[in-house]
Structure formats: structure tokens, C-alpha cells
Amino acid sequence: SDLDQRAIERSDWDVFRATGVAHLMSISGLHITMFAWLAAALIGWLWRRSARLCLWWPAPLAGMLGGLCLAAGYAWFSGWGVPAQRTIYMLSSVVLLHLTGQRWPWPQVWLLAATVVLLIDPWAMLQAGFWLSFVAVGVLFASNRLLWQPAQRSLLTAVRALLREQSVVTLALTPLTLLLFGQISLVSWVANILAIPWTTLVVTPLALLGVLWPPLWQAAAWAVRALGMGLQWLAAW
């Protein structure tokens with residue numbers, strides 16, 4: 001993944017940083033969590049098709065464990081970078097609680113995930129990404145009571161939730177971003193509202209499915225190009 005990131009032109013990185021979406025242009029925790037979420041939903045759906053399997057083990061638990069295993073494989077395939085490792089450790093902590101029937105309050109789940117990461121990699125405390133990731137996750141936990149299981153929402157409700165969550169995260173991370181980097185992007189809220197769904201629901205799935213059918217990689221490239229045009233317009237502001 002590092003080699004792939006070096007293939008991105010410096011001018012493009014400048015646009016990504018100016019619009020606050022640089023975190024989307026790598027194998028980030030968002031990508032791996034999204035992959036785990038989709039894999040868990042698919043495995044759970046397939047598991048429910050078999051009465052024998054459901055009697056042997058509950059479908060939600062099978063989906064969680066299967067999603068975690070596939071996400072770990074995806075993280076390894078992508079190069080097993082530090083953000084990928086951190087995400088797998090966090091997801092493993094949450095899944096372990098569910099598998100053992102624990103129902104902890106969200107602050108304890110949040111602190112457990114942070115503790116596991118720091119026990120494995122104490123130097124993570126010196127990385128800006130550690131603080132940004134855990135503050136963002138903590139804010140979302142506190143404001144939405146995030147669950148592993150996909151929620152059944154209408155499109156309008158999902159859009160409202162996305163706008164609300166992005167607003168909350170932007171406000172929460174602004175002081176931390178100023179402290180760590182000395183600057184913030186004034187268009188990051190709008191840029192992320194557009195870029196996160198586009199990257200998560202269009203670019204990344206096309207890139208992954210391209211492994212099975214290579215022509216989809218060209219479609220992914222077109223999707224990235226369209227995103228780049230919008231980001232360049234925002235960066236000009």
C-alpha cells in the first residue's frame with residue numbers, strides 16, 4: 001500500500017490535504033471497518049439461509065467472527081500497515097466481547113480497544129493517527145451508540161445520520177487537528193460529506209471487485225477522477 005500511495009502525485013496530495021480527505025487515500029481504518037461490516041452482513045445473511053447452522057450457532061455471532069477474519073485477511077493483503085493493524089485490534093476487542101456475551105457500556109468498550117492497541121504497540125501514543133482515530137470513534141460511540149450490526153434505515157434517515165455524524169466528528173476533531181498540525185481545512189466538512197460515501201460505497205468496492213473482474217478497475221479510476229474534480233473545485237476555495 002505504501003508503494004501505491006507513492007504513485008499519487010504531490011499535487012494530488014496537496015488537494016487531498018487542503019480538503020481534509022487525505023485519510024481516505026490509503027488503506028485506512030474506515031476501509032477495513034467498512035469491509036468488515038459488509039462481510040459480517042453477507043455472512044450473517046447466508047448463515048440464516050440454513051436452519052441447521054442457526055441451531056448450531058447464532059447468525060449474528062457467525063457474521064461478526066467471519067467479518068473479522070475476512071477484514072484481517074484484507075488488512076494483511078493491503079500490506080498490514082499500522083492503521084490496518086490498529087483497526088484489526090480494535091475490531092477484535094469488540095467482537096471478543098460479543099462472543100463472550102459481554103454487554104459493556106460504550107466507554108469501557110472504547111477504553112478496552114485503546115488498551116489492547118497500546119499493549120501491543122505502546123509507541124502508538126506518539127502518532128497523531130492514534131489520537132484522531134480514537135477521539136473520532138469515541139465521539140461516535142457517545143453520540144450514536146454504535147453497534148456492530150448493520151441497522152435497517154431508510155435512505156432519508158441514513159443521509160441525516162451521515163450529516164449529523166460528520167458534523168459531530170468535524171467539531172470534535174477541529175481542536176485536536178489544530179493542536180497536532182497547526183491548521184485545519186475550512187472545506188473539510190463538505191469535502192468529507194461527499195468523499196466518504198463516494199469512496200466507501202463506489203471506489204473501494206469497485207477496486208476490490210476488480211480482483212475478480214479487472215475491467216472494474218477502470219471504472220474505479222473513473223470514479224476517482226470524478227471525485228478529484230470535485231475536490232479540486234473545493235480546494236480552490
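Just above, that's the structure.
Residues numbered from 1 in each chain as written. Predicted model: local features only at pLDDT ≥ 70, side-chain atom pairs only at ≥ 80, totals over all residues. Heavy atoms only, no water.

**Here we look at helix α2 (residues 10-19)**
Thinking step 1. Within α2, the full set of buried residues consists of W13, V15, F16 and T19. Mapping the buried residues of α2 onto a view down its axis gives an arc of 155°, with all of them on the same face. For α2, the exposed residues set more than 90 degrees away from the buried face come down to R10 and R17.
Thinking step 2. Among the residues trailing α2, G20 stands out with phi positive, at a value near 75°. (Buried < 20%, exposed > 50% of the residue type's maximum accessible area, 1.4 Å probe, protein only. Helix = DSSP H or I, 4+ residues; strand = E, 2+ residues; numbered from the N terminus. Arc of directions from axis to C-beta.)

**Considering the packing of helix α6 (residues 82-99) against helix α7 (residues 106-120)**
Thinking step 1. At a minimum axis distance of 9 Å, the contact between α6 and α7 shows a crossing angle of 135°. In this view, α6 runs oblique relative to α7, as classed from their interaxial angle. Like other packed secondary-structure pairs, α6 and α7 cross with a definite hand, here right-handed. Residues R86, Y89, M90, S93, V94 and L97 of α6 touch α7, and the partners they reach there are V109, L112, A113, V116, V117 and I120. (Axes fitted to C-alpha atoms, helices over the stretch in contact; angles between N-to-C directions. Parallel < 35°, antiparallel > 145°, perpendicular 65-115°, else oblique. Left-handed = near helix turned anticlockwise from the far one by under 90°. Contact = heavy atoms within 4.5 Å.)

**Observations concerning the packing of helix α5 (residues 59-77) against α6**
Thinking step 1. Packing of α5 against α6 leaves a shortest axis separation of 10 Å and a crossing angle of 165°. One finds that α5 runs roughly antiparallel with respect to α6. Handedness of the α5/α6 crossing: left-handed. Contacts between α5 and α6 involve L61, M64, L65, L68, A71, A72 and A75 from the first element and A84, I88, L91, S92, V95, H98 and L99 from the second.
Thinking step 2. Class assignment of the residues belonging to the contact of α5 with α6 gives a composition of 12 nonpolar, 2 polar and no charged. (Nonpolar A, V, L, I, M, F, W, Y, C, P; charged D, E, K, R; others polar.)

**Some thoughts on the side chain of N192**
Thinking step 1. Positionally, N192 belongs in helix α10 (residues 188-209).
Thinking step 2. At a separation of 3.1 Å, a polar atom in the side chain of N192 contacts the main-chain carbonyl oxygen of G20.
Thinking step 3. Non-local contacts of N192, meaning those with residues more than four positions away in its chain, are made with T19, G20, V21, H23, L24, Q166 and P197. (Polar contact = N/O pair within 3.5 Å; in protein donor to acceptor, adjacent residues only side chain to side chain.)

**Details of the packing of aromatic side chains**
Two aromatic rings are characterised by how far apart their centres lie and by the angle between their planes.
Thinking step 1. A full pass over the atoms with the stated rule returns 8 aromatic pairs.
Thinking step 2. Pairing W106 with W110 gives two aromatic rings, centres 6.3 Å apart and planes at 50°, and the pair type is tilted. Residue W106 and its partner W110 are both found in helix α7; the two are separated by 4 residues, about one turn of the helix.
Thinking step 3. Take W106: its relative accessible area is 24%, and that puts it in the partly exposed class. (Phe/Tyr/Trp six-rings, centres within 6.5 Å; stacked < 30°, edge-to-face > 60°.)

**Remarks on the pattern of salt bridges**
Side chains bearing opposite charge may pair, as long as their charged atoms lie close to each other.
Thinking step 1. Tallied over the full model, the rule gives 1 salt bridge.
Thinking step 2. Two residues, D14 and R17, come together in a salt bridge whose shortest N-O distance is 4.0 Å. Note that D14 and R17 are positioned in helix α2 at a spacing of 3 residues, about one turn of the helix.
Thinking step 3. On the accessibility criterion, R17 (52% relative accessible area) is exposed. (Salt bridge = Lys/Arg side-chain N within 4 Å of Asp/Glu carboxyl O.)

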